[in-house]
Amino acid sequence: MDGDLLPIGQFARLSRLSVKQLRHYDELGLLPPAYVDAGSGYRYYRRAQARQALSIGLLRSLDVPLPVIAEVLAGAADALGGVRETLEAELARRRRTLATLERVMADGLPATPVRVVTEPDRTVAVERESAAGPADVGRATSAAIARLLRALPRTGPPRLVGLFPVELDDAFEVRAGLVVDRDDPARPWEGAGVGLEALPGGTFACATHVGPYDQIMLTTHAVLAWCAERGHPLRGPVREVYVSDPATTEPDRLVTHLMLPLDT
């Protein structure tokens, strides 16, 4: 063992990492020691490894996952690109959350008027998408709607409906429906790769949301509270009827009807 080797405790102080972290990085093969004593198992590092250790600490402080750090240290080009995209997505989500919080601060807790409406039976072409938790609902809904609009031709504004479970778990299915005329002789859904479903009519508790889609939760809250206060069982799916065309409507002016089926 030469004099350039440092015991793990001294190297930890030099690299601003803990002994526990160094042992973990060794187990992952990310920063193996230069020498391990065969008798005691004690680890030793060279001073030249300090730069790599400090680089690991720097990248971890930037929330870079360890597998990506391994790619960076191996010289992989653009290894940090995915981390940047993830951070940008999280920042956008936080901004949306902040905007919703500011609306609650300005307007108070949701008290959107709820009315009882009657809806006819409809037929919808349906696309499904898995959502990885409540924060993923927007992405999943947009993805399902985009596939629907690509698959089916239309001559006017699309009549779109989103269908969601009442309880949003860690993973669940989002359904997007496009209202179609089953008697249409052209039958555009045939060969389009989408299925048709009956969307039952009936009596619904309904509230109208005006504003961005990422703030719809406020109006959903009002409908759920209204049903709970009146003893209506919370059966799903929660139905979002998209009245406005987001391609031609400003986000603050988007109109969406929130509906929950009622037992009559």
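Quick caveat: nothing in here was measured; it's all calculated off a predicted structure. (Residues numbered from 1 in each chain as written. Predicted model: local features only at pLDDT ≥ 70, side-chain atom pairs only at ≥ 80, totals over all residues. Heavy atoms only, no water.)

### A word on the packing of aromatic side chains
Let me state the cut-off plainly: Only Phe, Tyr and Trp rings are paired, with Trp represented by its six-membered ring, and only when their centres lie within 6.5 Å; those with planes under 30 degrees apart are stacked, over 60 edge-to-face, the remainder tilted. Buried means the residue's accessible area, taken with a 1.4 Å probe over protein chains only, is under 20% of the maximum for its type, while exposed means over 50%, and partly exposed covers the values in between.
This model, assessed by the stated rule, comprises four aromatic pairs. Aromatic side chains Tyr42 and Tyr44 sit 5.6 Å apart centroid to centroid with 70 degrees between the ring planes, which places their arrangement in the edge-to-face category. Tyr42 gets classed as partly exposed once you look at its relative accessible area, which sits at 34%. Members of the aromatic cluster, each reached through a chain of ring pairs, are Tyr35, Tyr42 and Tyr44.

### Points about unusual backbone geometry
Applied cut-off: Strands are runs of DSSP state E lasting at least two residues, helices are runs of H or I lasting at least four, and both sets are numbered from the N terminus onward.
At the junction of Gly236 and Pro237, the peptide bond is cis and its omega measures out at -5 degrees in the coordinates. If you trace the backbone, Pro237 turns up in the loop between α7 (216-229) and β10 (238-242). With phi around 60 degrees, Arg16 is a residue other than glycine that occupies positive phi space. Mapping Arg16 onto the fold places it in the loop between α1 (8-15) and α2 (19-27). The backbone of Asp63 shows a phi angle near 65 degrees, a positive value even though the residue is not glycine. Following the sequence through the fold, Asp63 ends up in the loop between α3 (50-61) and α4 (66-73). On the accessibility criterion, Asp63 (52% relative accessible area) is exposed.

### Describing α7
Worth spelling out the cut-off: The span expected for a helix works out to 1.5 Å for each residue beyond the first.
Given a rise of 1.5 Å per residue, 14 residues ought to cover 20 Å, and the 20 Å separating the end C-alpha atoms of α7 matches this to within 8%. For α7, the complete set of buried residues consists of Ile216, Leu218, Thr219, Thr220, Ala222, Val223, Trp226 and Cys227. Remark: Gly231 follows α7 within two positions and exhibits a positive phi of approximately 75 degrees.

### Focus on the environment of Val255
Within the secondary structure, Val255 is located in strand β11 (residues 255-261). Accessibility expressed as a relative area gives 23% for Val255, which makes it partly exposed. C-alpha separation for the pair Val255 and Ser244, spaced eleven residues apart in sequence, amounts to 5.4 Å.

### Brief notes about the sheet that holds strand β2 (residues 35-36)
Which entries qualify depends on this criterion: A strand pair is defined by DSSP finding two or more bridges across the two strands.
The sheet built from three strands is open, its strands ordered β1-β3-β2 with antiparallel pairing. The sheet is open, and its two edges are formed by β1 (5-7) and β2, each paired on a single side. Of the pairings in the sheet, the one linking β2 to strand β3 (residues 43-46) comprises two bridges and is antiparallel in character. Bridge pairing in β3 links Tyr35 to Tyr44.

### Observations concerning the sheet that holds strand β8 (residues 195-199)
Put simply, the test is: Axes here refer to lines fitted to C-alpha atoms; in helices the fit is confined to the stretch in contact. Angles between the N-to-C directions go from 0 to 180 degrees.
With antiparallel pairing, the eight strands of this open sheet are ordered in space as β4-β9-β11-β10-β6-β7-β5-β8. Only two strands of the sheet have a single partner each, and these edge strands are β4 (115-119) and β8. Between one strand axis and the next, the sheet turns by 35 degrees as a mean value, whatever way the strands run. By the bridge criterion, seven bridges tie strand β9 (residues 202-210) to β11 in an arrangement that is antiparallel. Paired with Phe204 across the strands is Pro261, a residue of β11.

### Side note on the side chain of His209
Definition in use: Definition of a polar contact: a pair of N or O atoms within 3.5 Å, with one able to donate and the other able to accept a hydrogen when the atoms are protein atoms, and with sequence-neighbouring residues admitted only if both atoms are side-chain atoms. Throughout, a residue-residue contact means that at least one pair of heavy atoms, one from each residue, lies within 4.5 Å.
Considering the arrangement of structural elements, one finds His209 in strand β9. Exposure remark for His209: the relative accessible area of 1% places this residue in the buried category. Only 3.0 Å separates the side chain of His209 from the backbone oxygen of Pro212, close enough to count as a polar contact. Sequence-distant contacts of His209, defined by excluding residues within four places in its chain, comprise Arg103, Gln215, Ile216, Thr219, Leu254, Val255, Thr256 and Leu258.

### Points about a nonpolar patch on the surface
Our working rule: Patch membership requires over 30% relative accessible area and the absence of a salt bridge. Like charges are linked within 9 Å, and nonpolar side chains (Val, Leu, Ile, Met, Phe, Trp, Tyr) within 5 Å. Each accessible area is a Shrake-Rupley estimate made with a 1.4 Å probe; only the visible protein chains count as cover when residues are assessed. Only one rule defines a salt bridge in this text: a Lys or Arg side-chain nitrogen within 4 Å of an Asp or Glu carboxyl oxygen.
A surface patch of nonpolar side chains, about 330 Å² in accessible area, is lined by Leu98, Leu101 and Met105. Assignment of secondary structure puts Leu98 in helix α5 (residues 81-107).

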